[in-house]
Amino acid sequence: MKTYIFGAGTRGKNFAQILNLHDIKFEGFIDTFKKGSVDVVEKDGSMTSFQIIPLSELENIKSGINVIVSPIEPQAAKDIRRNLSDLGIQAVSIGTLLYPHDDLVSQERNFIAEYHRVCMNNYFEHAEQDEAVGIFWNEGTEFLRMFRKLNLKNVLELACGRGRHVPHYIDKADSIMLVDILQENIDFCKNRFSSFPKVSYYANNGRDLHDLSDESYSAVFSYDAMVHFELLDIYSYLKEIYRVLISGGRALIHHSNLTQSYKQSFSNAPGGRNYMSRELFAYMAYRSGFEVIEQKEGIWNMACGGDCLSLIEKA
């Protein structure tokens, strides 16, 4: 089977770069509007030009191909998949090609991590800007209001990225544990906060906290990260968070509130939002041993379902 990427924009080029890193051959791009060619970064850092095939010419090459759909605008993606189906062409998940021996949850977890490692430098730089940080830390925001309900004696920040939130609470916390699946992010944070002995670091596996001790933290929080996580991984994390929190400790979790399709995932949903809702999160938190203190919907771009911020407590 020959593989093509539908969508010659930034996301399509990012998909192509990751395929190259895995030495997975693809033939080029298909696009409804763009024409010409696209330059893609190869594994050695060089650039290779790939041809863009117009959608109108897809009939001529439809035999023996599969297509990765990169656009995530819901109606556009739906129309693309319908057009492919009408031509008898299979739409495939990029995770299936990258990690063929893993189950679906592992495929998505691995792809989320790899996409952030390879393609998110510009995002991390933008995330440090005042406007982006202010969403969480400006006076009057729901994030700050609910954060103030945490006991900051021993704080665990889950999926810390490059530590953009730490400066906003480091003076209030006695100790901080920064956790991230990417060793690159942990190394970045170690350098960034090297003058603060109160900060510790842990590169985990993306689904549990098995190296951390029971009943060691007064608070756990995660902003702008778990919106992308697989639902089953969030359930795994909730049980682990319950284990590492002290009695009466609280967790504040920013999660997706989008259930548009049971097939949605980071790789194909608006804003990379995974399948999750306010009700589902509350159910899983309760089943993990927590009491739900407060949930606030509509805290993010409504195109992503508005997201939800949940405050939960270990009895």
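The sections below set out a description of the structure shown in this document. Numbering of residues begins from 1 in every chain and follows the order in which that chain's sequence is written. Confidence filtering applies because this is a predicted model: local features only for residues at pLDDT of at least 70, side-chain atom pairs given and counted only at 80 or more, and all residues used for totals across whole chains, interfaces and linings. Side-chain descriptors were evaluated using all non-hydrogen atoms of the structure, hydrogens and water having been removed beforehand.

Observations concerning the packing of helix α9 (residues 231-244) against helix α10 (residues 278-287)
Here comes step 1: Between α9 and α10, whose axes approach to 9 Å, the crossing angle comes to 35 degrees. Seen from above, α9 lies across α10 with right-handed handedness. Seen from α9, the contacting residues are Leu231, Ile234, Tyr235 and Leu238; seen from α10, they are Leu280, Phe281, Met284, Ala285 and Arg287.
Here comes step 2: Class assignment for the residues of the contact of α9 with α10 results in eight nonpolar, no polar and one charged. Angular values range over 0 to 180 degrees, each being the angle between N-to-C directions of two axes fitted as lines to C-alpha atoms, with helices fitted over their stretch in contact. Put simply, DSSP marks the helices as runs of H or I at least four residues long and the strands as runs of E at least two long, and each gets a number from the N terminus on. Should the near helix be turned anticlockwise from the far one by less than a right angle, the crossing is left-handed, and should it be turned clockwise, the crossing is right-handed. The criterion used for residue contact is that any of the two residues' heavy atoms lie within 4.5 Å. All amino acids are sorted into three groups, where Ala, Val, Leu, Ile, Met, Phe, Trp, Tyr, Cys and Pro are nonpolar, Asp, Glu, Lys and Arg are charged, and the leftover types, Gly among them, are polar.

Here we look at helix α1 (residues 10-21)
Here comes step 1: End to end, α1 covers 17 Å across twelve residues, agreeing with the expected 16 Å (1.5 Å per residue, within 8%).
Here comes step 2: Most of α1 is tucked away: nine of the twelve residues are buried.
Here comes step 3: A 1.4 Å probe rolled over the protein chains alone gives each residue an accessible area, and that area as a share of the maximum for its type sets the label: buried under 20%, exposed over 50%, partly exposed in between. Of the positions making up α1, those classed as buried are Arg11, Gly12, Asn14, Phe15, Ala16, Gln17, Ile18, Leu19 and Asn20.
Here comes step 4: Where α1 is buried, its residues touch β1 (2-6), β2 (28-31), β3 (37-41), β5 (65-69), α3 (94-98) and α4 (104-119).
Here comes step 5: Aspartate 23, located one to two residues past α1, shows a positive phi value of around 60 degrees. In this scheme, a helix's expected span is set at 1.5 Å multiplied by one less than its residue total.

A word on the pairing of β2
Here comes step 1: Summarising the sheet, β1 and β2 pair through three bridges and their orientation is parallel. When the bridges of β2 are listed, tyrosine 4 appears paired with glycine 28.
Here comes step 2: As a crossover connection, the stretch from β1 through α1 into β2 is right-handed.
Here comes step 3: By the bridge criterion, three bridges tie β2 to strand β4 (residues 47-54) in an arrangement that is parallel. From the neighbouring strand, aspartate 31 faces β4, where its bridge partner is proline 54. Following DSSP output, two strands are said to pair if at least two bridges run between them. We call a crossover right-handed when, viewed with the strands running away from us, the connection from the first strand over the helix to the second turns clockwise.

Focus on the sheet that holds strand β13 (residues 308-314)
Picture the strands of a sheet paired through backbone hydrogen bonds; they go either parallel or antiparallel.
Here comes step 1: A sheet is described by the order of its strands in space; here seven strands give the open sequence β9-β8-β7-β10-β11-β13-β12, paired in mixed fashion. Here the strands that pair on one side only, and so sit at the sheet edges, are β9 (199-203) and β12 (290-297). Going from strand to strand, the sheet's axes swing by 15 degrees on average, the running direction of each strand aside.
Here comes step 2: Both strand β8 (residues 175-180) and β9 contribute to a ladder of five bridges, which runs parallel. The partner of aspartate 180 across the bridge, within β9, is alanine 203.
Here comes step 3: Docked against the sheet, α10 engages β11 (245-255), β12 and β13, running at close to 165 degrees with respect to β12.

A word on the side chain of asparagine 66
Here comes step 1: Relative to the elements of secondary structure, asparagine 66 occurs in strand β5.
Here comes step 2: Each polar contact in these results corresponds to two N or O atoms within 3.5 Å; when the atoms are within protein, one needs to be able to donate a hydrogen and the other to accept it, and residues that are neighboring in sequence are counted only if both atoms are side-chain atoms. Side-chain polar atoms of asparagine 66 contact the side chain of threonine 3, separated by 2.9 Å.
Here comes step 3: Those residues in contact with asparagine 66, other than ones at most four positions away along the chain, are Met1, Lys2, Thr3, Tyr4, Gln90 and Val92.

Things to note about the pairing of strand β10 (residues 217-222)
Here comes step 1: Most of β10 sits inside the fold, with six of its six residues counted as buried.
Here comes step 2: As paired strands, strand β7 (residues 154-158) and β10 are joined by three bridges and run parallel to one another. Bridged to leucine 156 within β10 is valine 220.
Here comes step 3: With five bridges connecting them, β10 and β11 associate as parallel partners. Bridging across to β11, alanine 219 finds its partner in arginine 250.
Here comes step 4: In this fold, β10 hands off to α9, which returns the chain to β11; that crossover is right-handed.

Overview of the sheet that holds β2
Here comes step 1: Sheet architecture is open: six strands sit in the order β3-β4-β2-β1-β5-β6, paired in mixed fashion. Either end of the sheet is taken by a strand with one partner, and the two such strands are β3 and β6 (90-92). Adjacent strand axes in the sheet meet at a mean angle of 40 degrees when their direction is disregarded.
Here comes step 2: Relative to β3, α1 is tilted by about 45 degrees, and along the sheet it contacts β1, β2, β3 and β5.
Here comes step 3: Here helix α2 (residues 74-86) sits on the sheet and contacts β1, β5 and β6; the angle it forms with β5, its principal contact strand, is near 175 degrees.

So, α9
Here comes step 1: The terminal C-alpha atoms of α9 lie 20 Å apart, and with 14 residues this matches the ideal 20 Å at 1.5 Å per residue to within 8%.
Here comes step 2: Where α9 is concerned, the buried positions are Leu231, Asp233, Ile234, Tyr237, Leu238, Glu240, Ile241 and Val244.

Structural notes on unusual backbone geometry
Here comes step 1: Backbone geometry at aspartate 224 places phi at a positive 55 degrees, although glycine is not the residue there.
Here comes step 2: Mapping aspartate 224 onto the fold places it in the loop between β10 and α9.
Here comes step 3: We note that aspartate 307 has phi near 60 degrees; this positive angle belongs to a residue other than glycine.
Here comes step 4: Along the polypeptide, aspartate 307 turns up in the loop between β12 and β13.

Comments concerning the packing of α1 against α4
Helix packing for two helices is described by the angle between their axes and how far apart those axes are.
Here comes step 1: Interhelical geometry of α1 versus α4 gives an angle of 100 degrees and a closest axis separation of 10 Å. When the axis of α1 is compared with that of α4, the two are roughly perpendicular. Packed against α1, whose contacting residues are Arg11, Asn14, Phe15, Gln17, Ile18 and Leu21, the element α4 presents Phe111, Glu114, Tyr115, Val118 and Cys119 at the interface.
Here comes step 2: Looking at the contact of α1 with α4, its residues break down into seven nonpolar, two polar and two charged. Should an angle fall under 35 degrees it is taken as roughly parallel, and over 145 as roughly antiparallel, whereas 65 to 115 is taken as roughly perpendicular and any remaining angle as oblique.

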